[in-house]
Amino acid sequence: MLGRRPRVFWVKGLVKDELWIGIDLGGTWVRVAVSDRNGHFAAKTSEKVDKSGAMAISGQMIRLIRFLCHEHGFDVKSLRGIGIAATGPLVQQEGVLIHPTAMPFDCVPITKPISKELGIPSCLINDAAGAALGEKKFGAAKGLDNYAYITISTGIGCGAIVNGTLLLGKDGNAHEVGHIVIDYEGRLTCGCGKRGHWEAYCSGSNIPNFIRMRLKDEPRKTVEESLLFRMVGGDLSRLRAIDLFAAARKADNISAKLVEQIGVLNAIGFANVINAYDPSLITVGGTVTLRNKAMILNPIRKHVKDYALNRIPKITVTPLGDDVGLYGAIAAALTYVSPC
Ligand SMILES: [Zn+2]
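These notes cover the structure that comes with them. (Residues numbered from 1 in each chain as written. Predicted model: local features only at pLDDT ≥ 70, side-chain atom pairs only at ≥ 80, totals over all residues. Heavy atoms only, no water.)

1. Observations concerning the coordination of the zinc ion
Line of reasoning, step 1. All of the protein donors around the zinc ion are H179 (ND1), C190 (SG), C192 (SG) and H197 (ND1); their distances to the metal are 2.0 to 2.3 Å.
Line of reasoning, step 2. Classification of the site at the zinc ion rests on its four donor atoms, whose angles at the metal span 99 to 121 degrees, yielding the label tetrahedral.
Line of reasoning, step 3. Here the donor residues of the zinc ion are spaced in sequence according to H-x10-C-x1-C-x4-H. In this pair, H179 is assigned in the loop between strand 12 (165-166) and helix 4 (198-202) and C190 in the loop between strand 12 and helix 4, connecting sequence segments 11 residues apart. (Donors = N, O, S within 2.8 Å, 3.2 Å for Na, K, Ca; no water. Tetrahedral: all angles 85-135°; square planar, octahedral: opposite > 155°, others 65-115°. Helix = DSSP H or I, 4+ residues; strand = E, 2+ residues; numbered from the N terminus.)

The structure is reproduced here in structure tokens:
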């Protein structure tokens, strides 16, 4: 497997006799942390998600939990609970993912196999909803009753706290804003199979589709003379989101224009969140955001007022960085798991 040596974070004040597990299951990576109830991480590790079978994913999590505990001398049986924040959609009460957009399975059981194997209670939550909880408990949303977290990563997701309550919905998917329609003509198809969704245009995995669509409108000569075109050796099928932002950073005109167009579409998505939930703060995470903070947030801040009815809240990058999903998983465990 692709396991890394765990990085150890012995933190002053760590409450060693009350440890919890947080797991952040993304479309590409699974991260696992051991933490106390104050968000002090004792250890963490990550691997690429094992997609060899639907049951392989929970098996991988069990192995990583045992690995971390063994490496650091924690007794697995002493863990108080496990929170898993996962890419959706899901059925929260049953602890399963249903047709997850980033995995080729109809159903992925998560909590039952883990709790059965380890004898520890566990809970499942949408990763962006979990991140909102994590931000409220450990990050920038402390003390706020109306708050939204938006992630722009492999996919796009949101978690919203309204009047102090995390919105969950009947299955725990109340905040799948990545799949709101921003293009009624539906020119691009989303990973979920539907057309015109925000995620189909602006997520890390779909930005290349958006670029290829827009470049068809540009003069061939302009495209061929662009840095972006040269960076992929003239083969646009090789495009990645990272190439676009790298070329824009080097003042490639066509790339800067595409970044701005993506920013307008992101502003429409953010305006929908603001109009629906009326938050007083939005924090933003996800790898696309964290690697390109100004290029993602500045166009949103510039254009969101053109689409939002409600008063525009402060929009800022999450201070929890790459670990926001882990903080969310820990916060979910603290909120929803009843220790045995
Ligand atoms: Zn979709």
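Here the narrative resumes, following the displayed structure.
2. Here we look at the sheet that holds strand 6 (residues 90-91)
Line of reasoning, step 1. Spatial ordering of the open sheet is given by 6-7-8, a layout of three strands whose pairing is antiparallel. Each edge of the open sheet is held by one strand with a lone partner, namely strand 6 and strand 8 (107-109).
Line of reasoning, step 2. Relative to strand 8, strand 7 (residues 96-98) is paired through three bridges, and the arrangement is antiparallel. Bridging across to strand 8, V96 finds its partner in P109. (Pairing = 2+ DSSP bridges.)

3. Quick look at the packing of aromatic side chains
Line of reasoning, step 1. Under the defined criterion, the tally for this structure stands at four aromatic pairs.
Line of reasoning, step 2. Note on W198 and F270: the rings are 6.0 Å apart at their centroids and 70 degrees apart in plane angle, and the pair reads as edge-to-face. Taken together, the residues W198 in helix 4 and F270 in helix 9 (residues 253-277) connect sequence positions 72 residues apart. Across this residue pair, the class does not change: W198 and F270 are buried. (Phe/Tyr/Trp six-rings, centres within 6.5 Å; stacked < 30°, edge-to-face > 60°. Buried < 20%, exposed > 50% of the residue type's maximum accessible area, 1.4 Å probe, protein only.)

4. Considering helix 1 (residues 54-72)
It helps to recall that an α-helix has 3.6 residues per turn; residues three or four apart then point in one direction.
Line of reasoning, step 1. Between the first and last C-alpha of helix 1 there are 29 Å, a value that for 19 residues agrees with the 27 Å anticipated at 1.5 Å per step.
Line of reasoning, step 2. Within helix 1, burial applies to A54, A56, I57, S58, Q60, M61, I62, L64, I65, L68, C69 and H72.
Line of reasoning, step 3. G73 lies just past helix 1 and shows a positive phi near 75 degrees. (Expected span 1.5 Å × (residues − 1).)

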